[in-house]
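Summary of structural features
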Amino acid sequence: MKLMIVDEELIAGGVEAIQLNVIPELCAQVEKLYWFLPSARIEYFRVRIGAIENLTFISLDFSTNFLFRLLSWGRNKSIWGREKLLLFLRNQRLKQFYRRMSVDACITTCMFEQAPFPEGMRRGGILCDLNVQGERRVSFLHNIKQWVENSEIVFPISKYTEKELCRNFPVFSSRFKTVPLAANVSKNKNRLWEKKGTVFYYPASIMPHKNHYLLLRAFEKLLCKGDDLKLILTGGGTEKLVQAGNSEKHVIRCRDLIQDESNELSKVVQAYGYIDTQEVDRLYAQASCIILPSAMEGYGLPLAEALAFGKPVICSDIEPFREQADLYHADNRVIFFKNNSLDSLVQAIESFLLKPLVAMSYSEIEDLMQRWTFKNVANSYLQELQGTLK
C-alpha cells in the first residue's frame, strides 16, 4: 500500500504522540508513506522520528513568489476569496500527487479544524474527540460533518468518541471504526523508580474541562490535614498558574487559589507549561502517582502512558478512562473517583496515601503494555483502510 498523510494542523500532546509513534509503525507495514507537513515542522519530525527509507516528507507550503502574486491579485478581493482560492489550489495539488504517485489512501492524524480532502481520493482521518466548547463548537462540528460526509472511514480513538460521533452523525455510523491509542514502555529501566517524596503529576493543557481547579481544591483540603504532598503540572498554559498577567477566567481562578495566603498551595504546586517529551518522561518516572481529574476526554492518553511507566493512577470515572483500564486489564492499577466530585477526589488521594499501590517490575510493565501497542494501532488502521479498497 502507498499512503499519504496530510497534517496541516499540528497540536502538541496526544496528536503529536500519534504522529511520533504511529507513523514509524505504518512505515514498517506499507510500501511508501508520503507525509505532508508545514515546512517549519518537517525538520523537527525528521529528527524525532529518524531516518526511515520509505518515508518522504513533503512541504505543504506554497512558494514565496506564488504567495506574493496571490496577495497582489487579491489586493482588492476579500480575505474569504483568497482563502477559497488557496483551498482550491491545495486540493488540486493533493489530487495530482495522489494520482501521479498511484497512492491508495490519504488520511490525516488530526481532523479537528483541518479542511477535508477533495473528491477523487480515498479519504479518512483520526478523530481525537468532539470536546470543543464555546463559540468554536458550531464551526468545529460543521467541519467534522464535512469530513464524515466525504470520507470512506473515520477513526475515533475511543468507543466513547465513536458514540459521540454516532449521536451527532447517525446516518454515517458505518464509517466509524474505533482504534484506541497505546503507549510505549520506557527503555530506561533504571529511571522507572526515582522518587522524591509523594509526588503527584498531572500532564494536561489548562482548559476548563481538564479540572485543574477541582484538583487544586482537593490539594487545599489535604494540606489542611497536614499531608506532605507535591503537585506537578505541565501542558500548554499551565505556566500561567504561577505567573502574573492577563488570562482566561478559569486560569485566573486557579491562580488566585494558588496565591491565596490562607493555604500552602504555592509551596507545593509546580507548573511548567509546555515541555518536551523527554522532560515529560522524566516527570512520569519521578512521580509517585499520576492524577487525571478531567471531566471529559476523547481518550486521555496520560493514563496509558502512566501504566507504561508502571505508575498508579487516580482518575475521574469517565468512559474513556474505563476503556483504557479494561484494554490493559489494569483495574488494579487505577483508583477511580466520581466525576467532578471534590469529596470523592479527596477520598481517592487519601486512599492512595494510606495504602500506596505496589510498584511493578519492568517485566510486569512490558507484559501489561504488550496487550495493545502502537504496532497494533497501525495494523488496525491499515486493515480498515484495506477494507475500503475492496
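Read on for an overview of the structure. (Residues numbered from 1 in each chain as written. Predicted model: local features only at pLDDT ≥ 70, side-chain atom pairs only at ≥ 80, totals over all residues. Heavy atoms only, no water.)

**So, the overall build of the protein**
- Regarding its fold elements, the protein presents 15 helices and 12 strands.
- Against the compact-globule benchmark of 21 Å for 390 residues, the protein has a radius of gyration of 22 Å, which places it among compact chains.
- By principal-axis analysis of the C-alpha atoms, the protein measures approximately 65 × 50 × 40 Å.
- Put simply, of all contacts in the protein between residues at least 6 apart along the chain, 69% involve residues at least 24 apart.
- Just so you have it, the protein exposes about 18,600 Å², and 49% of that area is on carbon and sulfur atoms.
- Computed over 49 positive and 45 negative side-chain charges, the separation of the two mean positions in the protein equals 5 Å. (Helix = DSSP H or I, 4+ residues; strand = E, 2+ residues; numbered from the N terminus. Rg over C-alpha atoms; globule rule 2.2 N^0.38 Å. Contact = heavy atoms within 4.5 Å. Areas by Shrake-Rupley, 256 points an atom, 1.4 Å probe, with all protein chains shown as cover. Lys, Arg positive; Asp, Glu negative; His and termini not counted. Charge placed at Lys NZ, Arg CZ, Asp CG, Glu CD.)

**Some thoughts on the packing of aromatic side chains**
- Considering all chains together, one arrives at 12 aromatic pairs under this definition.
- With a centroid separation of 5.1 Å and an interplanar angle of 80 degrees, the aromatic rings of Tyr44 and Phe45 are classed as edge-to-face.
- Of the residues examined, Phe45 reaches a relative accessible area of 1% and is grouped as buried.
- Looking at Arg253, its charged tip hangs above the ring of Tyr213, at a distance of 3.7 Å from the centre.
- The lysine or arginine in question, Arg322, covers the ring of Phe336, its NZ or CZ lying 3.7 Å from the ring centre. (Phe/Tyr/Trp six-rings, centres within 6.5 Å; stacked < 30°, edge-to-face > 60°. Buried < 20%, exposed > 50% of the residue type's maximum accessible area, 1.4 Å probe, protein only. Lys NZ or Arg CZ within 6 Å of the ring centre and 35° of its normal.)

**Overview of the pattern of salt bridges**
- Under the counting rule described, the total for this entry stands at 14 salt bridges.
- Between Arg90 and Glu8 there is a salt bridge; the shortest N-O distance is 2.9 Å. Taken together, the residues Arg90 in helix H4 (residues 79-100) and Glu8 in the loop between strand E1 (2-6) and helix H1 (14-27) connect sequence positions 82 residues apart.
- Judged by its relative accessible area of 6%, Arg90 falls in the buried class.
- One salt bridge in this structure joins Glu16 and Arg41, with 4.0 Å as the shortest N-O distance. Here Glu16, found in helix H1, pairs with Arg41, found in helix H2 (residues 39-49); they are 25 residues apart in sequence, far enough to count as distant.
- With relative accessibility at 28%, the residue Arg41 sits in the partly exposed group.
- Each of the salt bridges in this network shares a partner with another, and the network as a whole consists of Glu16, Arg41 and Arg48. (Salt bridge = Lys/Arg side-chain N within 4 Å of Asp/Glu carboxyl O.)

**Examining the pairing of strand E10 (residues 289-292)**
- Here E10 shows a buried face lined by Cys289 and Ile291 and a second buried face lined by Ile290 and Leu292.
- Direction of pairing for strand E7 (residues 199-203) relative to E10: parallel, over a ladder of two bridges. Residue pairing across strands places Phe200 opposite Cys289, the latter belonging to E10.
- As defined by bridge partners, E10 adjoins strand E11 (residues 313-316) across three bridges and the pair is classed as parallel. Within E11, the residue paired with Leu292 across the bridge is Cys315.
- Chirality of the crossover, the property in question, places the unit of E10, helix H11 (residues 301-308) and E11 among those that are right-handed. (Pairing = 2+ DSSP bridges. Right-handed = clockwise from strand over helix to strand, strands pointing away.)

**Quick word on H1**
- With 14 residues, H1 should cover 20 Å at 1.5 Å per step; its first-to-last C-alpha distance of 20 Å lies within 8% of that length.
- The buried fraction of H1 amounts to 10 of the 14 residues, a majority that puts the element mostly inside the structure.
- Every buried residue of H1 is accounted for by Val15, Glu16, Ala17, Ile18, Gln19, Leu20, Val22, Ile23, Leu26 and Cys27. (Expected span 1.5 Å × (residues − 1).)

**Describing the sheet that holds strand E6 (residues 153-156)**
- With respect to topology, six strands assemble into an open sheet ordered E3-E2-E1-E4-E5-E6, the strand pairing being parallel. Taken across any chain shown, the strands that pair with only one partner, and hence form the sheet edges, are strand E3 (55-59) and E6. Shown here is a sheet whose adjacent strand axes are inclined to one another by a mean of 20 degrees, direction ignored.
- Relative to strand E2 (residues 32-37), E1 runs parallel, the two being bridged by five bridges. By the bridge assignment, Ile5 is partnered in E2 with Trp35. (Axes fitted to C-alpha atoms, helices over the stretch in contact; angles between N-to-C directions.)

**A word on the packing of H11 against helix H14 (residues 362-369)**
- Look at H11 against H14: their axes get within 9 Å of each other, and the N-to-C directions meet at 140 degrees. Of H14, the residues touching H11 (which contributes Ala304, Leu307 and Ala308) are Ile365, Leu368 and Met369.
- For the contact of H11 with H14, the per-class residue count stands at six nonpolar, no polar and no charged. (Nonpolar A, V, L, I, M, F, W, Y, C, P; charged D, E, K, R; others polar.)

The analysis is restricted to geometry; functional conclusions fall outside its scope.
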